[in-house]
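Breakdown of the fold
Below, each chain spelled out in residue letters.
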Amino acid sequence: MTVIEEGAKKSSVLWLTLDRPRLAWHAFHEGAVYLVTGGGEQELPGLAGLAEVHVTLRSKDNGALLAEFDAPVSVVDVAAEPEAVATLAKERLNAPDTEHLTERWARDSTVIRLTLPTT
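Below: a short report on this structure. Since the structure is predicted, the reported quantities are computational estimates derived from the model, not experimental observations.

Moving on: the overall build of the chain. Looking only at helices and strands, one finds three helices and seven strands in the chain. Starting at the N terminus, the α and β elements of the chain follow one another as α-β-β-β-β-β-β-α-α-β. Its C-alpha radius of gyration of 13 Å places the chain within 12% of the 14 Å reference for a compact globule of 119 residues. A principal-axis box enclosing the C-alpha atoms of the chain has dimensions of 35 × 25 × 25 Å. The buried share of the chain, taken over its 119 residues, is 44%. Of the contacts made within the chain by residues no fewer than 6 positions apart, 58% connect residues no fewer than 24 positions apart. Surface summary for the chain: the accessible area is close to 6600 Å², and the carbon and sulfur share equals 51%. Each charge class in the chain was averaged separately, 11 positive and 18 negative side chains, and the resulting centres sit 5 Å apart.

Tracing the sequence through the fold places Lys-60 in the loop between strand 5 (52-58) and strand 6 (65-75). Through-space distance from the C-alpha of Lys-60 to that of Gly-31 is 19 Å; in sequence the pair is 29 residues apart. Those residues within four positions of Lys-60 in sequence are excluded, and the remaining contacts are Lys-10 and Ser-11.

When helix 2 (residues 82-91) is considered as a whole, its buried residues turn out to be Ala-84, Val-85, Leu-88 and Ala-89. Summarising the axial view, the buried residues of helix 2 lie within an arc of 140°, below the 170-degree limit, and thus occupy one face. Along helix 2, exposed side chains directed more than 90 degrees from the buried face belong to Pro-82, Glu-83 and Lys-90. Its buried side turned inward, helix 2 meets strand 2 (21-25), strand 3 (27-29), strand 4 (32-37), helix 3 (101-108) and strand 7 (110-115).

Reading guide: rules and limits
- Residues numbered from 1 in each chain as written.
- Predicted model: local features only at pLDDT ≥ 70, side-chain atom pairs only at ≥ 80, totals over all residues.
- Heavy atoms only, no water.
- Helix = DSSP H or I, 4+ residues; strand = E, 2+ residues; numbered from the N terminus.
- Rg over C-alpha atoms; globule rule 2.2 N^0.38 Å.
- Buried < 20%, exposed > 50% of the residue type's maximum accessible area, 1.4 Å probe, protein only.
- Contact = heavy atoms within 4.5 Å.
- Areas by Shrake-Rupley, 256 points an atom, 1.4 Å probe, with all protein chains shown as cover.
- Lys, Arg positive; Asp, Glu negative; His and termini not counted.
- Charge placed at Lys NZ, Arg CZ, Asp CG, Glu CD.
- Arc of directions from axis to C-beta.

Listed below in structure tokens is the structure:
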């Protein structure tokens, strides 16, 4: 397991360089990081339109820098990747509508996959 995978698994947050550095919660699933933006979820402006984004992972324990890298950005078809979306939904704390969360995401939000480097 790489430092990047380990960091993404252990911490539920990362930093994305967008219009400014933005803290974002995420879930790790099968070698990728999944995030949701818009529709009442975290606002990550412009992310869905990028080919790649700069990511910073920090230690959950002490905030030390673990890794920085560029990751390809893909918009996820919620219906086509139910396992990944279910993993992301489990990480969503304090959702107002947990029973219908994934349906709301499919309708109002954008789910994003960041593919992690393998080395």
